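This is what each chain is made of:
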Amino acid sequence: MNWQTAIDKIQLLDVNVMKEAETHLDQLTKPQGSLGMLEDLAIQLAGIYQTTRFRVDPITSFVFVGDHGVTEEGVSAFPSEVTTQMVHNFLHGGAAINVLTRQHDVSLKVVDVGMKDSIDNPLLIQKKIGQGTRNFLKEKAMTKQEAIEAIQVGFDLGVMEVENGAKGLAIGEMGIGNTTSSAAIAASLLKRPLDEVVGRGTGLNSDQWLHKKKVIQQALQFHNLHSNDPIEVLATFGGYEIAAMTGMILSAAYKRVPILLDGFNTGASALIAAKIETKSVLYMIASHQSEEPGHRHTLQALQIYPLLQLNLRLGEGTGAILALPILRSAQHLFQEMATFEEANVANKIVSQN
Ligand SMILES: Cc1cc2ncn([C@H]3O[C@H](COP(=O)(O)O)[C@@H](O)[C@H]3O)c2cc1C
Ligand SMILES: O=C(O)c1cccnc1
C-alpha cells in the first residue's frame, strides 16, 4: 500500500485496554508504580497490541544504508567508503549489531537504500533509490520524489515483516556523514541553535566540529527553508536511509506494533515521522539517549523517554537491541507476577498444609 494513503489509517492506542493494564499493574504484588518505566512500557504495549496478553517477540532489526554527498565537505572523521566496508562486515556477522542481535535472538536485515557502491550478495536487501545523496551544501540531497520512494521502501518492508509474524521492529542505520543530515533536520524541525544539535559523530576533534557546524549553518542559509513540510526538510538534507527509517516507523504505527528507536539518526527519522503523522509517536520506544547532543532535544520534543543512558554513539540499531531485554522484562512482569489476591490464595494453601 502507498504510505501516503496508509497514514490516514493510523490509530490512537486503545485506551480501554490501557486502563485495564493499569488496573492489573496496581493489583500485582508490589507497591503501586514501583516498576517505574517498565509499568509505562507495559501499558503502552497493551495499548499498541490492543490486548493485555501481548507478546513482543519475534522482533526484527533493520539496518538501512545510505551514503551522503555532504561528506565531500569533510564533515565526518571517516570517508564514505567505510559505509561499504561496514555493509560487508554486517553481511559477514562481525559488526556490533550482529553481535547484539545474535546475543538477543533477533533476526537482522540489511537494506541498501542509497549506498554509493553496490554489493552483490543475497543477504543484502537491494532497494537502492540513488547512489548516495547529493551534497546538500550545494543542492537538495534528494528530490521530493526520491524521498517519498525511500519512505515507501521502509514502509513496505515493515508491513511485510509484520505480516510475516514480527511483533515488533527495531531500526538502525549505516551511512557515513548521516549525523550531519540528522543535525540539519533537527535544527530545522526543532528550531534549535546548531550548538545544541550538532555533535561530533564518529569522533571529530574540536576544529572539525566547528567546521561541521559551519557547513550546516551555510546549508541552512542557502536553502532558507521556512516551511515545516517534513518531506521538504527530508529531501533537502537527506538521506535515503533516514527516509526509509521514517517509512518503517509509519509502518509500525499502521500495523500496530512497537518501533524501537536507536540514537540521533533514528531520532531524526522519528521527527519526520511525527511531523507526517503525530499518532506515530505513540508507537515509538526510545531505547536510549545517545551522546550526540541533539538526541536529548529530539526525545524531549517527541515527549518520549529513553530507557537507557549508556553514552552510546554508534548507531546501527545497537541501542535498540540493548533495550530489548527491558521490553521483554516489562512483558514477563506484567504477565507472570501474582496479584495480591492470588498471593493470598497461595498463602492460605501453604498455611493449610
Ligand atoms: C567503523 C564505523 C562503524 C559504524 N557503525 C555505525 N556508524 C555510525 O557512524 C556514522 C555517522 O557518523 P558521521 O556522521 O560522523 O559519519 C553512521 O554511519 C553511523 O551509523 C559507524 C561509523 C564507523 C566509522
Ligand atoms: O546517535 C547515533 O545514532 C549516532 C551517533 C554517532 C554516530 N552514529 C550514530
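Criteria and thresholds
Residues numbered from 1 in each chain as written. Chains lettered and ligands numbered in written order. Predicted model: local features only at pLDDT ≥ 70, side-chain atom pairs only at ≥ 80, totals over all residues. UniProt positions renumbered as here; feature names shortened; annotations may be inferred. Helix = DSSP H or I, 4+ residues; strand = E, 2+ residues; numbered from the N terminus. Rg over C-alpha atoms; globule rule 2.2 N^0.38 Å. Buried ≥ 20, exposed ≤ 12 C-beta atoms within 10 Å, placed from the backbone. Contact = placed C-beta atoms within 7 Å. Near = placed C-beta within 6 Å. Nonpolar A, V, L, I, M, F, W, Y, C, P; charged D, E, K, R; others polar. Pairing = 2+ DSSP bridges. Axes fitted to C-alpha atoms, helices over the stretch in contact; angles between N-to-C directions.

For the protein, an unreviewed UniProt entry supplies the name Nicotinate-nucleotide--dimethylbenzimidazole phosphoribosyltransferase and the organism Tepidibacillus decaturensis. Reading the Pathway (unreviewed entry) entry of the UniProt record for the protein gives the comment "Nucleoside biosynthesis; alpha-ribazole biosynthesis; alpha-ribazole from 5,6-dimethylbenzimidazole: step 1/2."

Student: Honestly, the overall build of the protein in this entry has me stumped. Any pointers?
Tutor: Helix and strand counts for the protein come out as 15 helices and six strands. At 21 Å, the protein has a C-alpha radius of gyration in line with the 20 Å of a compact globule built from 353 residues. Considering only C-alpha atoms, the protein reaches an extent of 80 × 40 × 40 Å along its principal axes. Here the protein holds 353 residues, and the buried ones make up 50% of them. Long-range contacts, defined here as pairs at least 24 residues apart, represent 77% of the contacts in the protein between residues at least 6 apart.

Student: Teacher, can you tell me more about the site of ligand 2 here?
Tutor: The immediate surroundings of ligand 2 are formed by 13 residues, with Gly-263, Phe-264, Ser-290, Arg-313 and Gly-315 found nearest. Taken together, the residues that form the shell around ligand 2 break down as two nonpolar, eight polar and three charged.

Student: Looking at this model, I keep getting lost on the sheet that holds strand 3 (residues 124-126). Mind explaining?
Tutor: Paired through their backbone hydrogen bonds, the strands of a sheet run either parallel or antiparallel. One open sheet accounts for six strands, arranged 3-2-1-4-5-6; its pairing is parallel. With one partner strand each, in any of the chains shown, strand 3 and strand 6 (284-286) form the two edges of the open sheet. Between one strand axis and the next, the sheet turns through 30 degrees on average, direction left out of account. Here strand 4 (residues 168-174) runs beside strand 5 (residues 259-261); their pairing, made up of two bridges, is parallel. Counted as the bridge partner of Ala-170 is Leu-260 from strand 5. Where helix 6 (residues 144-163) meets the sheet, its contacts fall on strand 1 (59-66), strand 2 (107-114) and strand 4, and the angle it forms with strand 2 comes to roughly 160 degrees.

Student: Is there a simple way to explain the UniProt feature "active site" (unreviewed entry) in the protein in this structure?
Tutor: Here, the residues flagged by UniProt with the feature "active site" (unreviewed entry) are Glu-316. Within the fold, Glu-316 resides in the loop between helix 13 (293-302) and helix 14 (318-336). Sequence-distant contacts of Glu-316, defined by excluding residues within four places in its chain, comprise Val-63, Ala-95, Ala-96, Ile-97, Gly-172 and Met-174.

Student: Help me understand the site of ligand 1 in this model?
Tutor: As a matter of local geometry, ligand 1 sits amid 18 residues, with Ser-76, Thr-179, Gly-201, Thr-202 and Gly-315 nearest to it. Secondary-structure elements contributing two or more residues to the shell around ligand 1 are helix 4 (81-92), strand 4 and helix 7 (178-190). Residue classes in the shell around ligand 1 are distributed as seven nonpolar, nine polar and two charged.

Student: When you look at the pairing of strand 2 in this model, what are you seeing that I'm missing?
Tutor: The side chains of a regular strand alternate between both faces of the sheet. Taking burial as the measure, the eight residues of strand 2 include six buried ones, the bulk of the element. When strand 2 meets strand 3, the two strands line up parallel, connected through three bridges. Paired with Val-110 across the bridge in strand 3 is Leu-124.

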